[in-house]
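Coordinates in review
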Amino acid sequence: MRVQRIKIEGEITSQDQVDLSLIDPLLEKYKNKKGNIIPLLQGAQEEYGYIPREVFQKLANETGIKLSDMYGVATFYAQFRLNPVGKHIVKVCHGTACHVQNAGAITDALRETLNVEDGETTEDGLFTLESVACLGCCSLAPVMMIGSETYGKLKGSDAVKVIKEIRIKESN
Amino acid sequence: MIDPEVLEEYEAKDGYKALKRIAEEKISQEQIIQDVLDSGIRGRGGGGFPTGMKWKFAFNSKNDEKYIICNADEGDPGAFMDRSLLEGDPHAVIEGMVIGGYAIGATGGVIYCRAEYPLAIKRLNIALEQARQKGYLGKNICGIEGFNLDIYVKEGAGAFVCGEETALMASIEGERGMPRKRPPFPAEAGLWRKPSNINNVETFANIPWIIHNGPQAYAKYGSEKSKGTKVFAITGKIKRGGLVEVPMGMTIEDIIFKLGGGIQDDKQFKAVQLGGPSGGCIPKHLIHTEVDYDQVNATGAIMGSGGMVVMDETTCMVDVARFFLDFTQKESCGKCTFCRIGTMRMLEILTRITEGKGKEGDIELLEELAYQIKDSSLCGLGQTAPNPVLTTIKYFRHEYEAHIRDKKCPALNCKQLLTYEVDPDKCTGCTVCAKKCPVQAIDGERKEVHFIRQDDCIKCGDCYSRCKFDAIKLS
Ligand SMILES: Cc1cc2nc3c(=O)[nH]c(=O)nc-3n(C[C@H](O)[C@H](O)[C@H](O)COP(=O)(O)O)c2cc1C
Ligand code: SF4
Ligand code: SF4
Ligand code: FES
């Protein structure tokens, strides 16, 4: 079980005011459909990048779905995020093919450069480091993906270089 | 290759001909099921259950609402056969589903695709829309009176266990994807408690060919009990990795050395992993094993969905077992105690072995836990989770023993069990290692050969990965 996904209340902070009207079309579409929890949560995450607390509350109020049922689903699936994420999500593949080609070294190098643990976001809000299982391009192992860009046959130092390049671009 | 976004290209390659023939010749549902039975095709989703039998059960289950479902969750980390089919030939999958839907009398269809495959989802949606336009989906399909079926794509949300059929159905219903008790089987009460039939992507993609060319033509390929061809994704320490489609019954040796070109950097072949987290490792001395369901099962591995990860002398088998357990432990849905906690305990033991803290009796303890987990888990995830550990113990017990007794990793993979030394011939005295060592265990002046004080070294491996001159030796 993804025990680490169940975080203590209070850590969940949303700095920015959340514009709740963004999910109105979504509610319209799925409100009375059966089996709608997952599409609702997916749609909300699409809008905000994660699912803020207030959004859970609004979804519950408007649809009548129990808050507990929604949290149950949100913590079950790896896709859902309960915390804001960085501008760039760095997904390092830890599927079998990447593992035997030393994906561990990539994550180690990135942890050091970004100064965050797996799953965390950098203080400047630029990067979130994530491990994923198989990006479906195993022949290029080890692989990482940032945005829609895939980087294959990596070494730790290559990964660090990519990060540095993005940092430079961002600071301009 | 065909352009997957152009329906006409699929049609030019005999696409939708099987479906049209069914309509023109008024072939009965029973006859289609019989053809699929005769072809001998077995499910490609891992279990290898005869597809015709499954369809028969669903057909016999009477109800005015029935579902045909395509399992495109492809959860095995290290496999991408289904992805390539969905992206490259979505209409074949759809036609297979429509034929299946006709055979069992389905009133609705769902493709459950993992969200990590955005291109596949996009192409499926394009293809479905094209099929609707052409009357391959919708009302009275191809003029078959009363055959109404539409199919939609449902995106998964990232949970391996949702590849399990009952969990998948729970997930479509919007719940936590936790497996359900069987019986009732999906053929009686599946999605929304209605009779349902679920097959893998590759299984469906084979169907149009079978109906078009006849079951006998299909049964010509393959071995006695495993018919047809199978797509494998060869990855790992292989020269030419990628997808290959081979007739059932080819030997592993031929697949790896003839098709895959052998091992990367001409290292020694050690083992090949089949079946992902539910599967096992087949060692070098069984390399003549033929890939068919029964021969592979005899080794303790499973055919699985077609992931084939090649390992060489530098791959540590204890670490591989630990890797898979780490995966299944996280992906367990938590319903069954043994699967939820047993896998955690096994993972702890494996981790301590790879860190050099293994104890006498650990192997036996692993085996005991493994059998208990297999016996008391509800679904296939728990029932097969210990397989990677059991097969590596069976074939590579000596590696476990080397870790536990001698505190050595024969493959030089487990960081904590290595000795780090400076090679005086290569060291240029650049001081990088000394600066980076977190415990200041490296002595040496600039431009002089450095030296690691073994008593202080905590074996973090930093110096090894930092040295630009390959001057840090492992042993
Ligand atoms: C934990 C678990 C994961 C599974 N994952 C998949 C999967 O990703 N894709 C798939 O087709 N079948 C998967 N299966 C097998 C399905 O339950 C089911 O047997 C299969 O989809 C049936 O299709 P087939 O008869 O065409 O093989 C999985 C089973 C288990 C127990
Ligand atoms: S065996 Fe594991 S994954 Fe399957 S139902 Fe039980 S706890 Fe869930
Ligand atoms: S392995 Fe780590 S602790 Fe040991 S000498 Fe190298 S850098 Fe220092
Ligand atoms: S294992 Fe990394 S891309 Fe498949």
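A brief structural summary. (Residues numbered from 1 in each chain as written. Chains lettered and ligands numbered in written order. Predicted model: local features only at pLDDT ≥ 70, side-chain atom pairs only at ≥ 80, totals over all residues. Heavy atoms only, no water.)

In this assembly, 47 residues from chain B lie in contact with 33 residues from chain A. A combined buried area of about 3100 Å² lies between chain B and chain A, and 55% of that area is made up of carbon and sulfur atoms. Per-residue buried area on chain B facing chain A is highest for Ala157, Arg176 and Phe323 of chain B; these three make up 19% of the total on that side. Inspection of the region where chain B meets chain A yields 2 salt bridges. When the shortest N-O distance is used, the salt bridge between Arg466 of chain B and Glu112 of chain A registers 2.8 Å. The tally of links between chain B and chain A comes to 13 residue pairs in polar contact (both at pLDDT 80 or more). (Contact = heavy atoms within 4.5 Å. Buried area = accessible area lost by both parts, 1.4 Å probe. Salt bridge = Lys/Arg side-chain N within 4 Å of Asp/Glu carboxyl O. Polar contact = N/O pair within 3.5 Å; in protein donor to acceptor, adjacent residues only side chain to side chain.)

Along the chain, Ala141 of chain A connects to Pro142 of chain A via a cis peptide bond; the corresponding omega equals -10°. Within the secondary structure, Pro142 of chain A is located in the loop between β2 (127-132) and β3 (144-146). A cis amide bond, omega 0°, links Pro183 of chain B with the succeeding residue Pro184 of chain B. Take Pro184 of chain B: it is sitting in the loop between α8 (165-172) and β4 (196-200). (Helix = DSSP H or I, 4+ residues; strand = E, 2+ residues; numbered from the N terminus.)

All right, on to helix α2 (residues 37-48) of chain A then. Residues three or four positions apart in an α-helix share a direction because the helix packs 3.6 residues into each turn. Taking 1.5 Å of rise per residue, 12 residues should cover 16 Å, and α2 of chain A covers 17 Å from first to last C-alpha, within 8% of that figure. The element α2 of chain A is largely enclosed, with a buried count of 10 among its 12 residues. If you follow the buried residues of α2 of chain A, they end up packed against α1 (24-30), α3 (53-63) and α4 (67-76) of chain A together with β3 (151-155) and α8 of chain B. Once α2 of chain A ends, the next one or two residues include Gly49 of chain A, with phi positive near 85°. (Expected span 1.5 Å × (residues − 1). Buried < 20%, exposed > 50% of the residue type's maximum accessible area, 1.4 Å probe, protein only.)

All names here are of chain B. A sheet is described by the order of its strands in space; here 4 strands give the open sequence β3-β2-β1-β4, paired in parallel fashion. In this open sheet, the two strands that pair with only one neighbour each are β3 and β4. On average, each strand axis in the sheet is inclined to that of its neighbour by 20°, with strand direction left out of account. Bridging between strand β2 (residues 108-113) and β3 involves 5 bridges; their strand directions are parallel. (Pairing = 2+ DSSP bridges. Axes fitted to C-alpha atoms, helices over the stretch in contact; angles between N-to-C directions.)

What follows is about the pairing of β4 of chain B. Residues and elements named next belong to chain B. The element β4 is largely enclosed, with a buried count of 5 among its 5 residues. Here β4 shows two buried faces, one formed by Ser196, Ile198 and Asn200 and the other by Asn197 and Asn199. As paired strands, strand β1 (residues 67-72) and β4 are joined by 5 bridges and run parallel to one another. Bridge pairing in β4 links Tyr67 to Ser196.

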